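# Architecture at a glance
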Amino acid sequence: METPRTLWTFVITSLALFMVVLDNLVVSTALPVIRTDLDASLEELEWTVNAYTLTFAVLLLTGAALGDRFGRRRVFAAGLTLFTAASAAAALAPSMDALIAARAIQGIGGAIVTPLTLTILSDAFPKEKRGLALGAWSGIAGLAVASGPLVGGAVVDGISWQWIFWLNVPIGILLVPLALRFLRETYGPDRGLDLPGLALVSVGLLGLVWGLIHGNGDGWTSPQIVGSLAVGAILTAAFVAWELRTPAPMLPMRFFRDRAFAAANGASLLMYFGMFGSIFLLTQFLQTVQGHSPLGAGLRVLPWTAMPMIVAPIAGALSDRIGGRPLMAVGLALQAIGLGWLAAVSTPTVPYTQLVIPFILSGTGMAMFFAPVANVVLSAVRPEQEGKASGTNNAIREVGGVFGVAVLASVFASYGGYGTPQSFVDGLTPAIWVGAIVVGAGSLISLLIPRRIRREEQPEIVLEAAA
């Protein structure tokens, strides 16, 4: 029987996780309304999504390190406070610049909260029940992903787009004192902060994303775009070089010497690239071109986003028997087929009945990937390395989402635009095809994962020497 403190820990961390993950996709169905209300350009809509996911991705590993050094409960409460305040700022934003800035700060708060929900929850449960607790943690994250477009559409339809952010405020105000009261303070073994690495990767990724988002508008050969992409690439390469040399890296490059770890993270990057980029455009298609309400659009993508709740438990049970590789490879292949199908049938007047099956295929594939990937990643490292391995996987997949939105929106702008329904579809079709091809490449990468990953068989002496 669990103690009251353990149950409170589960409730607090679960609510915090749901709130933060929900904000990854809750804004997707609000984008057409925000575009009209604040007179936003395509680039500004991209930044509304990417300002959150970019800061979230870059600071995930730093958030975990701050908790290890200064106390997980204390830092968790501070992250919740920051996320709540930024949500209020987003709701009050009078312009796109203010909204984008608030979303970036939201991402910082989310990056602090998310990894700490996992470590705090893991610490609160005895070893024999930890698997069940972490399984529930994954399920809640999946539920938040599935609920994002639907919740966003319902709130925008029923009240206004500002309320997708106001909803976070009472939850945050409730959770902060509960966290300080019921969570146990713990510290981690790794208390180092890799500030040079954080600076290099932050500015490097910002340069790359800024160049990709503004390339169509400013011209791909313009000095500012070429300079932004070049500086971004140089600093990102410098980050990798620094992480290989520093004694306390935020992203341990030695993990990538393991084939299972490297392939699983490569597949994650490409899967999120295709998924986030496609959802960014398809939710707008359902409203801007086909005239559905935000709630109507959220309901129509539900066969895609809700499939993980149905399929993931089955896929998880199968992964214990047959391993993660076949499930991940088949799952990404199904998602690629679903996206390609959507690209092939999309017209301004396509009936929704022709979209249902590709939505289901994409969602089923996504669920088959979600279930085993965490197990593959964590099985590739030793137990004391699981925190950084999990943080690395989360950061890489968020980076994939950032680049997916930037690249697919750039393809969309190159071939079409918002002028007419047909011009929107002219841009949508090649963009979704790119997403399908990228996800298909992820399926091939998944085949590089060994059939069986046995952590206890790894040559620990090599890992220790590399450390």
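Residues numbered from 1 in each chain as written. Predicted model: local features only at pLDDT ≥ 70, side-chain atom pairs only at ≥ 80, totals over all residues. Heavy atoms only, no water.

## A look at the overall build of the chain
Put simply, the test is: Elements are defined by DSSP. Helices are runs of H or I of four residues or more, strands are runs of E of two residues or more, and each kind is numbered from the N terminus. Exposed residues in this analysis have more than 50% of their type's maximum accessible area, buried residues have under 20%, and partly exposed residues fall in between, with area computed by a 1.4 Å probe over protein chains only. All accessibility values rest on the Shrake-Rupley procedure with a 1.4 Å probe; residue burial counts only the protein chains present in the view.
Broken down by element type, the chain carries 19 helices and zero strands. Considering the chain as a whole, with its 467 residues, one finds that 56% of them fall into the buried category. With the model as given, the accessible surface of the chain reaches about 18,300 Å², and the carbon-plus-sulfur share is 68%.

## Quick word on the side chain of T283
Quick note on the threshold: Here a polar contact is recorded for every N or O atom pair within 3.5 Å, except that within protein the pair must consist of a potential hydrogen donor and a potential acceptor, and residues adjacent in sequence are included only if both atoms are side-chain atoms.
With respect to the secondary-structure elements, T283 resides in helix α11 (residues 259-289). Residue T283 is classed as buried on the basis of its relative accessible area of 1%. A polar atom in the side chain of T283 sits 2.8 Å from the backbone oxygen of I279.

## Details of helix α5 (residues 96-124)
Our working definition: For a helix, the expected span equals 1.5 Å multiplied by the residue count minus one. Take the seven residues that end at a residue and the seven that start at it, fit an axis to each, and the angle between those axes is the bend at that residue.
Its 29 residues place the ends of α5 41 Å apart at the C-alpha level, agreeing with the 42 Å of an ideal helix rising 1.5 Å per residue. Taken as a whole, α5 carries its principal kink of about 25° at L116.

## Quick notes on α11
Along an α-helix, residues three or four apart share an orientation, since each turn contains 3.6 residues. Look at α11: 44 Å from first C-alpha to last across 31 residues, which is about the 45 Å you get at 1.5 Å a residue. Most of α11 is tucked away, with 26 of its 31 residues classed as buried. The distance from a side-chain oxygen at the start of α11 to the backbone nitrogen of A260 is 3.0 Å, and the residue carrying that oxygen is D258. Positive backbone phi, approximately 75°, marks G291, located one or two places after α11.

## Digging into the nonpolar core
The condition is simple: Only buried residues count toward a nonpolar core. Its members are Ala, Val, Leu, Ile, Met, Phe, Trp, Tyr and Cys residues joined through side-chain atoms within 4.5 Å. By definition, residues are in contact when any of their heavy atoms lie within 4.5 Å.
Counting 131 residues, the largest nonpolar core has F76, L99, F280 and F285 as the members making the most contacts within it. Counting residues per element, this core draws most heavily on α11, which supplies 18 residues. Filtering out sequence-adjacent residues up to four positions away, L99 remains in contact with I34, L38, T48, A90, A93, W161 and F165. Formed by five residues, the second largest nonpolar core is a distinct cluster that contains V311, L327, A367 and M368.

## Describing the pattern of salt bridges
This is how the line gets drawn: Here a salt bridge means any side-chain nitrogen of Lys or Arg lying within 4 Å of a carboxyl oxygen belonging to Asp or Glu.
Enumeration according to the criterion identifies two salt bridges in this entry. Across the salt bridge formed by E185 and R73, the nearest N and O atoms sit 4.0 Å from each other. Residue E185 is located in the loop between α8 (168-182) and α9 (195-218), and its partner R73 is located in helix α4 (residues 72-91); the two are separated by 112 residues in the primary sequence. Salt-bridge contacts for R74 lead to E185; the nearest nitrogen and oxygen are separated by 4.0 Å. Note that R74 is positioned in helix α4 and E185 in the loop between α8 and α9, a separation of 111 residues in sequence. Using a relative accessible area of 47% as the deciding quantity, one classes R74 as partly exposed. A network of salt bridges, in which partner residues are shared, links R73, R74 and E185.

## Some words on the packing of helix α3 (residues 42-70) against α4
Keep this limit in mind: Lines fitted to C-alpha atoms define the axes here, with helix axes fitted over just the stretch in contact, and angles between the N-to-C directions of these axes take values from 0 to 180 degrees. Orientation is classified from the angle alone, with under 35 degrees giving roughly parallel, over 145 giving roughly antiparallel, 65 to 115 giving roughly perpendicular, and any other angle giving oblique. For this classification, Asp, Glu, Lys and Arg are treated as charged, while Ala, Val, Leu, Ile, Met, Phe, Trp, Tyr, Cys and Pro are nonpolar and the rest, including Gly, are polar.
As a packed pair, α3 and α4 sit with axes 8 Å apart at the nearest point and diverge in direction by 150°. The pairing of α3 with α4 is recorded here as roughly antiparallel in orientation. Note on element contacts: α4 touches α3 through R72, R74, V75 and F83, opposite Y52, G63, L66, G67, D68 and F70. Classifying every residue of the contact of α3 with α4 gives five nonpolar, two polar and three charged.

## Some points on unusual backbone geometry
Although it is not a glycine, D39 sits at a positive phi angle of roughly 55°. In this structure, D39 sits in the loop between α2 (31-37) and α3.

## Notes on the packing of α3 against α5
Note the following rule: Crossings are assigned a handedness: left-handed for a near helix turned anticlockwise from the far helix by less than a right angle, right-handed for a clockwise turn.
The geometry of α3 relative to α5 is characterised by a closest axis approach of 6 Å and an angle of 30° between their N-to-C directions. Classed by the angle they form, the pair α3 and α5 counts as roughly parallel. The chirality of how α3 crosses α5 is right-handed. For the contact of α3 with α5, the residue count by class is 18 nonpolar, eight polar and three charged.

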